[in-house]
Every structure is written in structure tokens, then in C-alpha cells.
Amino acid sequence: MPNTPASRPPDVRAVGVALILVLLSLGALGILSAAASTPRVETIRLGSDLPFELLVDDDGALDAQTVLTLPSTQFSSHDGLLSQGYTRAVSWLRFNPPAPRPGGAPWWLVVAPPYLDRLTVFVPRADGYTRMETGDLLPASARPVRDRHFVLPITPDSTQPMLIRLETTSVSLLSAYFTSPEAFVSQRASSSFLWGLYFGIACVTTLLCIGLGFIQRSRLMLAVSALSVAYLMVASTQGFTYVLLLPDRPLLAHHLTSISTLLTLAAHLWLLREALLTRQHFPRTDKVLLAGGALFVGAVTALLLGLYGQAMTVLMTLNALIHGLAVATALRLTCLKGVSAGTRAIAIAVSITSALAIVAALSVLAVVPVSLTLLHLWQYAMLGLMVAILLASVHELRMQQQKLDSLQAERLGAAEARRQHLEDRVKERTAALQHAHDQLERALRDERHAQFKQRQFLAMVSHEFRTPLSVISAATANLAQCASQDAEALTHRLAQINRATRRLTTLTDNCLADARLSAATLVIEQIPTDLAALLENAAELARLSSRQLVQVNIEPGLDTQCRCDHALVTIALSNVLDNAIKYAARSPIRARLTAARDNFILTVSDEGPGISPAEEASIFGRYERGSAVHNVSGSGLGLHVSREIMRAHGGDLCLVHTGGAGATFEFSLPRRPPGTQPRQVTS
């Protein structure tokens, strides 16, 4: 078992619990044995007190009248329990009934075991025979007396012999006695208490084994837990499942007895594998035990084929041989060097249980005389084996805990030394990290200062650009007004100057807007604005600079008043219109202003080459340009600045259509109610 914290052995209290269980189980064994051997008042046993004659009817063709007329030479005399092994033959028991009770009170005939298929009793009366039938295939409600054994009230009033007909697919075993109702009730009260004690100890032991098995991840404890199926077999063979669990389902209770017996035999072999360490020391024996367990589990199918009796004859013979091998293996294990005392104790307990299992198997097969005390002792030994293994395992775990504590003390000392060393290293590393942190703080301050200087420089450059550019723009406008109508060359030159001036103005505006948007805080100057007029002005500027058709469509009756930063929204619209003019190859540009719920919707469409799907997500990035720009100049700031402006207003800019037929960009701007105050937006 690994010495890990997850598999820490239980403390000494577990040893005390196991010891208490051992004492209780031994006390229960002694009480049950004493109760089983104590003679009862008004009890007449069939066999020892009433010898009987046995007739085996191989084909089951005889009837009661025929059996009554047969001579005694065709019967065999018995003065003990009936044991015929696994046989399909019908057994007839003929005997003289007990003397009548005083006052004509009835006798109660108690027949065991409770897993006999059909039991027919012929009671002699003055006017003939009374036939009474019972068996484990009848529901509990159909029995004359509801009890875990077969109980039949009878009152024989004739000197004629009495007959019992037995027919069963399981082991042909019969124990019967006559008693008074009063003595039966008294005996049942004491036996019920003792059986309750037995199953209570069994439940506690099973739960403790299951808990230790999962906590310790011990295959041995799990195998011991699996052997708890033997308690289900005991409950079935003692009739508790018939009257308590399945009183109205006798066939299911009948099969449950057979299945629990097979599973008990298989679980016992699994326990032998783990307790005797056959995988490590006896690999051939391990294969035999593994094959035997698989055979017992597979024998459940014999129930479906109606071959349970034949299969059990072979399996019980094989079980006796395997347990003989287990006894020899246990003795060999006790002689091996290096085996712990706990393992030797378990091996001795296993050898005793296996020896009892051999005798029980031979008794069931009718090879040796059957004894109910011996069969009960084997059942009780299963509980004793579980408790013995539990006690030995807890002792082993305690020894492992002591070793673990010693090893843990050594490791704690080494861990303390390593901890001190690590603390020294951590202090050194912390000082180095603090020094690096100070350097990074200084570098960050320098970077912030440089960014501040950069924004100041851009503001200064933008201001210096706008002044001469405004002068150039005004001069070109005047020249255009003064030019003659046929001075086409001059007009063309002036248009070029105007476009260049507008391009520089747009670039300057974008640089200035980008600098504002990149600041730590951005103040949106929300002033009353006519969005339709703003759109018309932006479209007119685009027409003047490019002489390109820009169509503006405003939804009729739409209230276009809003509150926004006039300068920033103008920059955003101009950027998108300029892009459409640059990339649309003199095709018409369409701008449409509508409203949807609480937002103004402004779309700008062109018939240019469009934007590829792979570039749709990246065109709004700073300095990002599409692949279809060719020789068209630009900075890659326009769409980025426009989207940031709209988002600063609580709106957005997105691409809603692209392809060979051009592209459509959609602005959304909130329709703010009157009285909205300017707000500060953190960028």
C-alpha cells in the first residue's frame, strides 16, 4: 500500500472498532451455537426422535396410495437428517406420526431449509388422508403460517403412517421437527434476536470494509466487501428474503437464493486471491482461483437452461478441490520468509474457513453426513473471516502509519532546511524584482512624457498646417469664381489644388482627431446640430473637391435635430465620403439618412470594387488599408478615426454590405433628448 498522504492509515480508534466487532461476532457465534444445540420443550425431531423410511422415486410417477402399500424392504431407514445432494428424483419419507397432544391440540410441523421447491405432507385422519402442500414457489400469503420456514399445523388422529413428498431442483436436504405453537413462538423470538445481532454485525463490518477499501485503495478490503454477498445468501437460505423482502414474488426469491450462492462462491475465491497474495507468490494458483471465480459467475446462466442442479454438482465438487488447494497455499504462505505477521494471521484464518467450506461442500453433495450445526458454523465463519482480515489489515496499517510518521519526521526536517534556503532565495529574488520594477516605473514615466510631447507636437503641427491650408483653400475658391468660362486649364489646375488642399486638411483633421481619441480622457462637446445640414455640407465639400455625383436622401418628415460634437461628426462623415470618392472610380455616391428607434441611421454606398471578406474585420484598424487600394493614396486612419468618433458618441460605424457591387457603411448615432449635458468619455 503506498505511503502517501492520500492513503494515510486510520488511527488506533479503528483498531478498537475492529476489536469490538470481533468480540461481538464471537459472542454471537457462541450464543447461536448454544441456542442451536439446546433441546427444546415439546420438540420431536424427525430422524433422531422419529426414525423415517426413505423411498427415492427417480421418475416421480408414484402416488401416496402406492407408497403407503409398498413393503418396508423397498425403503431405506434413516435416523438423522435427509441429504440426497443435487438430484431431480422425488423423495418419499414414511414415518409414524407423533402421539396426539393433550386435549387434541395441534402439532406444528416445521420443515427446513426454506428453499425446497415443492413439499407435500399427507396427514392420516380417521376418514383418510389430508393433503397439505407448501414450498418456496408459493407466495408467503398462501402458507398456513407466515414464517421463514415451512410451518404446517397438523392433528393426526390415526395410527396410519404419515408421508412427506419432497421435490426440488436445489440440494435435496430436509430437517423437520414437531413442536407446540407456544414453544415455536418462544423459540422464534430468541432466534430472531440472535439473527438480528448477526446481520447487524455483518452490516457494520461490511460498511467498515467498504470504507477502508476505498480510502486505502486496498484490493483485499474490496474483496472482503464483495464477500458480503454471503450475507444475502445466508438471508436467502434461512428464508428471510421470502417473508421480508419478496413475500409476493416467490420465484424471484427462489432464483435469488441460487444466484447469491454462486456469487458467494466466486467472491470467496476472489478473497483467497487477495488474502493469500497469489499474484505475487503463487501465479499458477492465482490462475486456478481466477478461472474458478469466472466459472462460478458464468454458471448463473445454468438457471436459464434449467440445469442448476447438474451444474451445482460439478461446481461444488470443484469448489471443494479449489479450497483444498487454498488450504495448502495458505500453509505455504505462512512458511515464506519476509511475510508479515498480519499476512500470516490472515492466511491461518483463510485456511480454517476453506477447511469448513470443504466439509460443507461434501455435506451438500451427500458425501459425508450432513450437520446443520456444521453448515451454520461455515456461515458464521464467513463473518469471522471478514472481521479477522479487518483486524489484521488495521494492524498492518497501524505499523505502516508508524513507519510513515518516522519518515515524515525526517522529511519535515529536510523540508524545513529547504524552506529556509528558499526564503533566502526569495528575499534575493524579491530585491532583484523590486529593482526591475523601479526601472520599469521610470521607463513608463518616460514613455508617458514622450507621448504627451508627441500629442503636443501633433497639435502644433496640425494648427500650423491648417492656417496656410485655409489660405490656399480660400484663394483657390476665389480664383475659381473669377476664372472665365472657357479657361478650362485654369479650372483644372484649381481643382487639383483644391483636392490636394482637402486631402491635406483631411489628413490633418484625422491626425488631430486620432490624438484626441488617444488621450486619457475625451470630452464630447455636445451641441444642438442639424444632422441633415451637416450631411449636406459634407456632401457639398465632396462634390466641390472631386466634381463627383453625391446623392443625399433624407427620410421625409424626419426630425434631424440632435446633440453631438459637430466637428468630430463632420470628420467622420467626410472620411467615409472621401473613401467612397477615391475608390468608386467616379461612380455615384449615395448617402441616406433615416431613423430606427432611438438612433439615427446614416448609410453611405458606392459602386466601387468593394472589400474582400478576409479584410472586413481589419479595415477599421489604425493604419490598415484594403488590398484594392492600388495607387490610391491614404494613411489608413480614416475608418479607424470615424468608428472611434461614433463610438465616443454612443453609436457605431460598421460595414453592412460589400462585394463586386461596391460597399455600404452604416453610421448609428443616438437621438439624444433636449437638455442632455456634455459628457466626459474615457477612451
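Remember, it's a predicted structure, so these values are computed and weren't measured experimentally.

Q: Would you explain the packing of aromatic side chains in this entry?
A: Remark: the centre distance and the inter-plane angle together describe each pair of aromatic rings, the angle taken between the planes. Within the structure shown, the criterion is met by 11 aromatic pairs. An angle of 80° between the planes, with centres 6.4 Å apart, marks the rings of Tyr-86 and Tyr-308 as edge-to-face. Placement of Tyr-86 in strand S4 (residues 82–86) and of Tyr-308 in helix H11 (residues 308–335) is noted, with a sequence separation of 222 residues between them. Each member of the pair, Tyr-86 as well as Tyr-308, carries the same accessibility label: buried. Here Trp-195 and Tyr-198 contribute two aromatic rings whose centre-to-centre distance is 5.4 Å and whose plane-to-plane angle is 85°, an arrangement assigned as edge-to-face. You can see Trp-195 and its partner Tyr-198 sitting in helix H3 (residues 181–216), three residues apart, about one turn around the helix. In this pair, the class of Trp-195 matches that of Tyr-198, namely buried. Cluster of aromatic residues (ring-pair linked, three or more members): Trp-195, Tyr-198, Phe-199, Tyr-231 and Phe-240. The lysine or arginine in question, Arg-643, covers the ring of Phe-620, its NZ or CZ lying 3.7 Å from the ring centre.

Q: Would you mind showing me how to read the nonpolar core here?
A: Considering soluble globular proteins, one finds that nonpolar side chains tend to be buried as a cluster. Residues Tyr-86, Tyr-198, Leu-271 and Met-312 are the most contacted members of the largest nonpolar core, which totals 76 residues. If near-sequence neighbours (up to four positions away) are discounted, Leu-271 is found in contact with Leu-220, Ala-223, Val-224, Leu-227, Leu-385 and Ile-389. Formed by 43 residues, the second largest nonpolar core is a distinct cluster that contains Leu-534, Val-604, Ile-619 and Leu-655.

Q: Looking at this structure, how should I read the sheet that holds strand S5 (residues 90–95)?
A: Each strand in a sheet pairs with its neighbour through backbone hydrogen bonds, running either in the same direction (parallel) or in the opposite one (antiparallel). Taken together, the six strands give an open sheet; going across it, the order is S3-S2-S5-S10-S7-S8, and neighbouring strands pair in antiparallel fashion. A single partner strand is all that each edge strand has here, and the edge strands are strand S3 (76–78) and strand S8 (128–134). The mean inter-strand angle of the sheet, taken between neighbouring strand axes irrespective of direction, is 25°. Examined bridge by bridge, strand S7 (residues 118–125) and strand S10 (residues 162–167) share five bridges and lie antiparallel to one another. Each residue of the ladder has a partner; that of Val-121, found in S10, is Ile-164.

Q: Where do I start with unusual backbone geometry in this structure?
A: For residues besides glycine, phi is generally negative; the peptide bonds are generally trans as well. Of note, the amide linkage connecting Ala-112 to Pro-113 takes the cis form, showing an omega dihedral of 0°. Of note, Pro-113 is situated in the loop between strand S6 (107–112) and S7. Of note in this structure, Ala-366 is not a glycine but carries a positive phi near 65°. By the secondary structure assignment, Ala-366 is in the loop between helix H12 (341–364) and helix H13 (372–482).

Q: I'm lost on empty space enclosed by the protein in this one. Help?
A: Rolled over the atoms, a probe sized like a water molecule indicates the empty space that remains. All told, the structure shown has three cavities of 30 Å³ or more when counted by the stated rule. Reported here for the largest cavity is a volume of approximately 50 Å³. In terms of lining residues, the largest cavity is bounded by Leu-531, Val-569, Leu-573, Phe-600, Leu-602, Met-646, Phe-667, Ser-668 and Leu-669. Tallied by class, the residues present in the lining of the largest cavity amount to eight nonpolar, one polar and no charged.

Q: Would you mind showing me how to read the packing of helix H7 (residues 250–275) against H11 here?
A: Helix-helix packing is described using two parameters, namely the angle between the two axes and the distance between the axes. Close contact between H7 and H11 brings their axes to 11 Å; oriented N to C, the two are set at 20°. Comparing their axes, H11 and H7 come out roughly parallel. H7 and H11 meet at a crossing whose hand is left-handed. Where H7 abuts H11, its residues Ser-258, Thr-261, Leu-262, Leu-265, His-268, Leu-269, Leu-272 and Ala-275 lie against Tyr-308, Met-312, Leu-315, Met-316, Asn-319, Ile-322, His-323, Ala-326 and Leu-333.

Q: Looking at this model, I keep getting lost on a nonpolar patch on the surface. Mind explaining?
A: Judged by side-chain polarity, Leu-207, Ile-210 and Phe-214 come together as a nonpolar surface patch covering roughly 330 Å² of accessible area. Structurally, the position occupied by Ile-210 is in helix H3. Given a relative accessible area of 31%, Ile-210 falls into the partly exposed group.

Q: Explanation requested: the environment of Asp-652 in the structure shown.
A: Along the chain, the position of Asp-652 falls in strand S18 (residues 652–657). For the pair formed by Asp-652 and Ser-642, sequence separation is 10 residues and the distance between their alpha carbons is 8.9 Å. What Asp-652 contacts, discounting residues up to four positions off in sequence, is Arg-643, Met-646, Arg-647, Glu-666, Phe-667 and Ser-668.

Q: Before we go on, may I ask you to explain the side chain of Thr-343 in this structure?
A: Within the secondary structure, Thr-343 is located in helix H12. Polar contacts involving the side chain of Thr-343 include one to the side chain of Ser-340, which spans 2.9 Å. Among all residues touching Thr-343, those that are not within four sequence positions of it are Ala-275, Leu-277, Leu-333 and Glu-396.

About the thresholds
Residues numbered from 1 in each chain as written. Predicted model: local features only at pLDDT ≥ 70, side-chain atom pairs only at ≥ 80, totals over all residues. Heavy atoms only, no water. Phe/Tyr/Trp six-rings, centres within 6.5 Å; stacked < 30°, edge-to-face > 60°. Helix = DSSP H or I, 4+ residues; strand = E, 2+ residues; numbered from the N terminus. Buried < 20%, exposed > 50% of the residue type's maximum accessible area, 1.4 Å probe, protein only. Lys NZ or Arg CZ within 6 Å of the ring centre and 35° of its normal. Core = buried A, V, L, I, M, F, W, Y, C linked by side-chain atoms within 4.5 Å. Contact = heavy atoms within 4.5 Å. Pairing = 2+ DSSP bridges. Axes fitted to C-alpha atoms, helices over the stretch in contact; angles between N-to-C directions. 1 Å grid on protein atoms, 1.4 Å probe; cavity = no way out; pocket = protein on both sides within 12 Å on 5 of 7 lines; lining within 4 Å. Points joined across faces, edges and corners; volume = space filled by probe spheres on them. Nonpolar A, V, L, I, M, F, W, Y, C, P; charged D, E, K, R; others polar. Parallel < 35°, antiparallel > 145°, perpendicular 65-115°, else oblique. Left-handed = near helix turned anticlockwise from the far one by under 90°. Patch = residues over 30% accessible without salt bridge, like charges linked within 9 Å, V, L, I, M, F, W, Y side chains within 5 Å. Areas by Shrake-Rupley, 256 points an atom, 1.4 Å probe, with all protein chains shown as cover. Salt bridge = Lys/Arg side-chain N within 4 Å of Asp/Glu carboxyl O. Polar contact = N/O pair within 3.5 Å; in protein donor to acceptor, adjacent residues only side chain to side chain.

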